[in-house]
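Examining the three-dimensional arrangement
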Amino acid sequence: MSETNPEEAVQIPLLNGLPDDIALFCLARVPRRYHTLLKCVSKRWRDLVCSEDWVSYRRKHNLAESWIYVLCRDKADRLERACLYVLDPISLKRCWKLVPSLPDQCLKRKGMAFEVLGSKVCLLGGCGWFEDATDEVYCYDASRNTWDSAAPLSTARCYFACEALNEKLYAIGGVGSNLSDPHSWDMYDPSTNSWTSHSDPNIVPDVEESFVLDGKIYIRCGVSSTMPSNVYAVVYRPSSGTWEHADKDLVSGWSGPAIVVEGNLYVLDQTSGTRLMMWEKKSREWIAVGRLSPLLTRPPCRLASIGKSIFVIGKGLSTVAFDVSRAGNVGGLMVSSSIPRLAGDNDVISCKVLSI
């Protein structure tokens, strides 16, 4: 009697008595906050929940849930360390939770870029007091809850812009003593797991803010806050692969962190309190949406969005949320809800949204 080939052995079904496609239909509807428990049931369930097929299925059937990830700097005990927090915005007990085991190499680095690609949160580059800019990249797999190193940048960078567009990562500008070309930018293609380096004279090293709008990347470079008319910003057009000067009327109101919600661009103006502005495409002018209560916001703040909701996240992860499609005003201030902040005074570096 011949031995049974393991590859030909009958695979244990996901759910007894059901075909796997029906079982997937059921399991994929379990809320994301319980996925850790699903992985404990069996090896098959763990492999399923950690797979790209699981993520793709949930996204395809509009089951994906978006959580907010925030990279911040913890100043507790005078030891500044980078840390990562996550928020499930639809949980009954909305609160920020620490993502454990940040790579030791990243703990004391500054100037790191932070971006989401697929189901992974990426930390790129950065530098330290005794360390020049690095090309290292680390990725947190939100499905597996693990950190791994990834393909290094083509060029070591710190204090640079990073955006995801068309399932690719772009690392733009920045500084570093070994940066041979200050006008360079790198592009990462996950299909080949490699970076390619490019150069464009319109890119300058000193990058402050960035966003993606209408399939194009916009970056704003460092200028004096007292001279808004001299704001320098460029836009990348994938169709031509080139960077061009951005329209002056759009750039004129870009005075803080920006976020795009359903194709509309919003900017948080923090020059005097916290005021939300929106770019009106038809009239090509900036209009005021409303002010946020100074009792709820703790600038400097960063922005994240899920659906039609904008989350304003400031020091200590103080968080204010509101629906821009139904934004109302009471006493001159926007109506919003708040999420309890942490006991510490963490500075928010960047925040991104990841959907599974």
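The structure under discussion appears in the preceding block.
An account of the accompanying structure is given in this report. (Residues numbered from 1 in each chain as written. Predicted model: local features only at pLDDT ≥ 70, side-chain atom pairs only at ≥ 80, totals over all residues. Heavy atoms only, no water.)

Attention now moves to the sheet that holds strand E7 (residues 146-149). The sheet built from 4 strands is open, its strands ordered E4-E5-E6-E7 with antiparallel pairing. Looking at which strands have only one partner, the edges of the open sheet turn out to be strand E4 (113-117) and E7. Taking each pair of neighbouring strands and ignoring which way they run, the sheet shows an average axis angle of 25 degrees. With 5 bridges connecting them, E4 and strand E5 (residues 120-124) associate as antiparallel partners. Following the sheet pairing, Phe114 is matched in E5 by Leu123. (Pairing = 2+ DSSP bridges. Helix = DSSP H or I, 4+ residues; strand = E, 2+ residues; numbered from the N terminus. Axes fitted to C-alpha atoms, helices over the stretch in contact; angles between N-to-C directions.)

This paragraph deals with the nonpolar core. Across soluble globular proteins, nonpolar side chains have a tendency to be buried as a group. Counting 35 residues, the largest nonpolar core has Trp54, Tyr69, Leu84, Val121 and Trp147 as the members making the most contacts within it. Broken down by secondary-structure element, the contributors of at least two residues to this core are helix H1 (20-27), helix H3 (43-49), helix H4 (52-60), strand E1 (66-74), strand E2 (81-87), E4, E5 and strand E6 (137-141). (Core = buried A, V, L, I, M, F, W, Y, C linked by side-chain atoms within 4.5 Å. Buried < 20%, exposed > 50% of the residue type's maximum accessible area, 1.4 Å probe, protein only.)

Between Pro299 and Pro300 the backbone carries a cis peptide bond, its omega angle lying at 0 degrees. Structurally, Pro300 can be placed in the loop between strand E19 (285-291) and strand E20 (302-306). Located in the positive-phi region is Tyr159, a residue other than glycine, with phi close to 55 degrees. Tracing the backbone through its elements, the reader meets Tyr159 in the loop between E7 and strand E8 (161-165).

Moving on: the pairing of E6. Moving residue by residue along a regular strand, the side chains alternate between the two faces of the sheet. Taking burial as the measure, the 5 residues of E6 include 5 buried ones, the bulk of the element. Covered by surrounding structure in E6 are Val137, Cys139 and Asp141 together with Tyr138 and Tyr140, the residues of both alternating faces. The pairing of E5 with E6 spans 5 bridges and is classified as antiparallel. Across the sheet, residue Lys120 finds its bridge partner in E6, namely Asp141. With 4 bridges connecting them, E6 and E7 associate as antiparallel partners. Looking at the pairing, Tyr138 lines up with Ser149 of E7. Hairpin connection, E6 to E7: the antiparallel pair is bridged by 4 residues, and Asn145 has positive phi, about 60 degrees.

Our focus in this paragraph is the layout of surface pockets. Taken as a whole, the second largest pocket encloses approximately 650 Å³ of empty space. Along the walls of the second largest pocket sit 25 residues, with Arg32, Arg33, Thr36, Trp67 and Val86 positioned nearest its centre. Here the element with the most residues in the lining of the second largest pocket is strand E3 (residues 97-99); it accounts for 3 residues. (1 Å grid on protein atoms, 1.4 Å probe; cavity = no way out; pocket = protein on both sides within 12 Å on 5 of 7 lines; lining within 4 Å. Points joined across faces, edges and corners; volume = space filled by probe spheres on them.)

Tracing the sequence through the fold places Thr297 in the loop between E19 and E20. Among the residues examined, Thr297 registers a relative accessible area of 8% and is labelled buried. Looking at Thr297, its side chain comes within polar contact range of the main-chain oxygen of Ser293, at 3.2 Å. Non-local contacts of Thr297, meaning those with residues more than four positions away in its chain, are made with Thr274, Leu292, Val312 and Val320. (Polar contact = N/O pair within 3.5 Å; in protein donor to acceptor, adjacent residues only side chain to side chain. Contact = heavy atoms within 4.5 Å.)

Taken as a whole, this structure holds 20 salt bridges when the rule is applied. Where Arg302 meets Glu209, a salt bridge forms, and the shortest distance between an N and an O atom there is 3.1 Å. Here Arg302 is found in strand E20, whereas its partner Glu209 is found in strand E12 (residues 207-213), with 93 residues between them in sequence. Using a relative accessible area of 22% as the deciding quantity, one classes Arg302 as partly exposed. (Salt bridge = Lys/Arg side-chain N within 4 Å of Asp/Glu carboxyl O.)

Evaluation of the coordinates by the stated rule reveals 11 aromatic pairs. Grouped by ring-pair contacts, the aromatic residues Tyr170, Trp185, Tyr236 and Trp243 constitute a single cluster. Looking at Arg32, its charged tip hangs above the ring of Trp67, at a distance of 4.0 Å from the centre. (Phe/Tyr/Trp six-rings, centres within 6.5 Å; stacked < 30°, edge-to-face > 60°. Lys NZ or Arg CZ within 6 Å of the ring centre and 35° of its normal.)

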